[in-house]
Structure formats: structure tokens, C-alpha cells
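Tertiary structure, described
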Amino acid sequence: MTMKDVIDVMALQNNRRERRLPDYRSAAGHSLATNFIFECGIKLGLQPATVATAAIFYHKFFKEADKNDYDCYVICTACLCAAGKSRDEPVRLRDAVNVAHNSINRGAGPLELGEEYWSWRGAVAQAELLVLRLLGFNLDAPSPHRYLLHYLRSLQEWFPPNQWRAAPVARAAMAFLQDFHHSPSILDYRAPHIAVASLTLALHVLGVSVPLAATLDDDAAWYSVFTKDLQKEKNWEIMEKIMQVYSREPEPI
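Residues numbered from 1 in each chain as written. Predicted model: local features only at pLDDT ≥ 70, side-chain atom pairs only at ≥ 80, totals over all residues. Heavy atoms only, no water.

**Here's the deal with the overall build of the protein**
When helices and strands are counted, the protein shows 11 helices and zero strands. If you list the helices and strands of the protein from N to C, you get α-α-α-α-α-α-α-α-α-α-α. Burial statistics for the protein: of 253 residues in total, 49% are counted as buried. For the protein, long-range pairs separated by at least 24 residues make up 77% of all intrachain contacts whose partners lie at least 6 apart in sequence. As displayed, the protein has an accessible area near 13100 Å², and 51% of this comes from carbon and sulfur atoms. (Helix = DSSP H or I, 4+ residues; strand = E, 2+ residues; numbered from the N terminus. Buried < 20%, exposed > 50% of the residue type's maximum accessible area, 1.4 Å probe, protein only. Contact = heavy atoms within 4.5 Å. Areas by Shrake-Rupley, 256 points an atom, 1.4 Å probe, with all protein chains shown as cover.)

Here it is as C-alpha cells:
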């Protein structure tokens, strides 16, 4: 997939999201599980890093567990609750249950305090305990968001102000980073490397060159000030993995 393909697919996916939300009830297996996490996270008002952490927990859980053994949407909801604890952004269980139920059942109101509500609540509470056990009760998930914010602040100082304002580098890099959380491949790389790859991809897609980088012996050397152990080949590998996210089957419309 070329850089132009990435831009075209991103635009198509944005148009699809604006036109219609996915129907989770008709989705096959876990095909829309991370979409569900992102939608519910937004409805719950969670920060992007918290939503991304929930996706990380989901990928870690099903790296060990059989997807056929669990309701993916219950696990997704549980991961959002666990991520809220990890990022010090608590999620009320009742809110999580109602948002999850409403996302699956479009147009439905909040659940009454009856059998269906208590069944959902119990399932999510038990699933959260299961997720925590499988994670070894280790909720420490290094966030690439923190690294990317630091790198963006530093890189901005390298550019003339007008040039930096003219290109939405920060927005594009954050979009690539957030979307990469749809892929379980994100577990294979270190947070600083993911942040650099997201930033590099944004620069390439936007056609923006880092000032004076062309004068260096290696044009990849500009990001060595951020992380010294990222080789050029590894950076391209991560960028390719990010681009593969956009070759997924499109959401139903």
C-alpha cells in the first residue's frame, strides 16, 4: 500500500463513519471489536490514550485466550473499565454497561434496573476480573501518546512557525498512532518506536521534510535524538504495519 493509498483509504473510512455507525450485531466474530472499544470510549468521554490502552488490553487478552470462548463486546467493555483504572480515569460500571448496550442496540435507552441490566453488569464485572488476572494485575501499559507528544513539541522547534502551521503534522501523527491500536501488531513494538513511526509516516504522507535532514549522512538520523536504538529498517517495518490497518475490510454501511 502506497502513501497515496493510505490517504485515500483514510478519507473513505472517515466518510463511512460519518454516514453510518457499524452494526455490531451483524458483525462476524471479533471483526469490529476495536471499533466497539473506540466508539464506547468516545461516548464515555475518555481520553484517546485511555481508549488506546483499552485496545492494548483487548489485544493482550486475546493473545492468550481463545476468541471463541468469550463474548468480545463484554471483554471490550471490561477492558475499557480496566483502562480507566490504569490511566486514572475511572469508568462507572453502570455507565459502561449502558453505553455498551446502546452501541449494540442502536436507539435503545438506558437499561432499567432489571434482569437484563444485572446480567450485563455481572458479566462485565466478572470479565474485568478475568482480564486483570490474565494481565497478571499489571496495568502498566507504556503509552506511545506520551512519547509522541514530547517528540512533536521538540520537532516543532525545528520548523519555521509558518511551515509547521501549514501542515497538520500533529493531527496526522496522532491519527496514525490511534488507528494502529486496531492492530494486534502494536504489541510487537516499543512505545517510543511506535511514536517515531507514526510521526515519520505523517511527515511522509504530508510531504514534509525535517529541516536540514537532507544534509545528514543518514536522513533517518533526525529521530535519533528521540530514540537511539531504532534502526531505519525497523521504522519502515512499523510504518508498513500501520498502513496495513487501512487495508482491513471496510465497516458495513
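Still more to cover.
**Some points on the state of the cysteines**
Tallied over the full model, the rule gives zero disulfides. With no disulfide of its own, cysteine 40 lies closest to cysteine 76 among cysteine sulfurs, the gap being 7.9 Å. What makes cysteine 40 buried here is its relative accessible area of 1%. With no disulfide partner, cysteine 72 has as its closest neighbouring cysteine sulfur the one in cysteine 76, 5.4 Å distant. Since its relative accessible area comes to 6%, cysteine 72 is described here as buried. (Disulfide = S-S within 2.5 Å.)

**Notes on the packing of helix H10 (residues 191–206) against helix H11 (residues 232–245)**
Helix-helix packing: each pair is described by the crossing angle between the helix axes and the interaxial distance. The N-to-C vectors of H10 and H11 enclose an angle of 75°; their axes lie 9 Å apart at closest approach. In terms of their interaxial angle, H10 and H11 are classed as roughly perpendicular. Every residue of H11 that contacts H10 at His193, Ile194, Val196, Ala197, Ser198, Thr200, Leu201 and His204 is listed here: Asn235, Trp236, Ile238, Met239, Ile242 and Met243. For the contact of H10 with H11, the residue count by class is nine nonpolar, five polar and no charged. (Axes fitted to C-alpha atoms, helices over the stretch in contact; angles between N-to-C directions. Parallel < 35°, antiparallel > 145°, perpendicular 65-115°, else oblique. Nonpolar A, V, L, I, M, F, W, Y, C, P; charged D, E, K, R; others polar.)

**Overview of the side chain of threonine 227**
Mapped onto the elements of the fold, threonine 227 is located in the loop between H10 and H11. Among the polar contacts made by the side chain of threonine 227, one reaches the side chain of aspartate 229 at a distance of 2.7 Å. Once you skip the residues sitting within four places of it in the chain, threonine 227 turns out to touch Pro192, His193 and Val196. (Polar contact = N/O pair within 3.5 Å; in protein donor to acceptor, adjacent residues only side chain to side chain.)

**Here's the deal with H10**
Look at H10: 23 Å from first C-alpha to last across 16 residues, which is about the 22 Å you get at 1.5 Å a residue. Counting buried positions over the 16 residues of H10 gives 14, a clear majority of the element. In the stretch just after H10, glycine 207 is the one whose phi turns positive, near 70°. (Expected span 1.5 Å × (residues − 1).)

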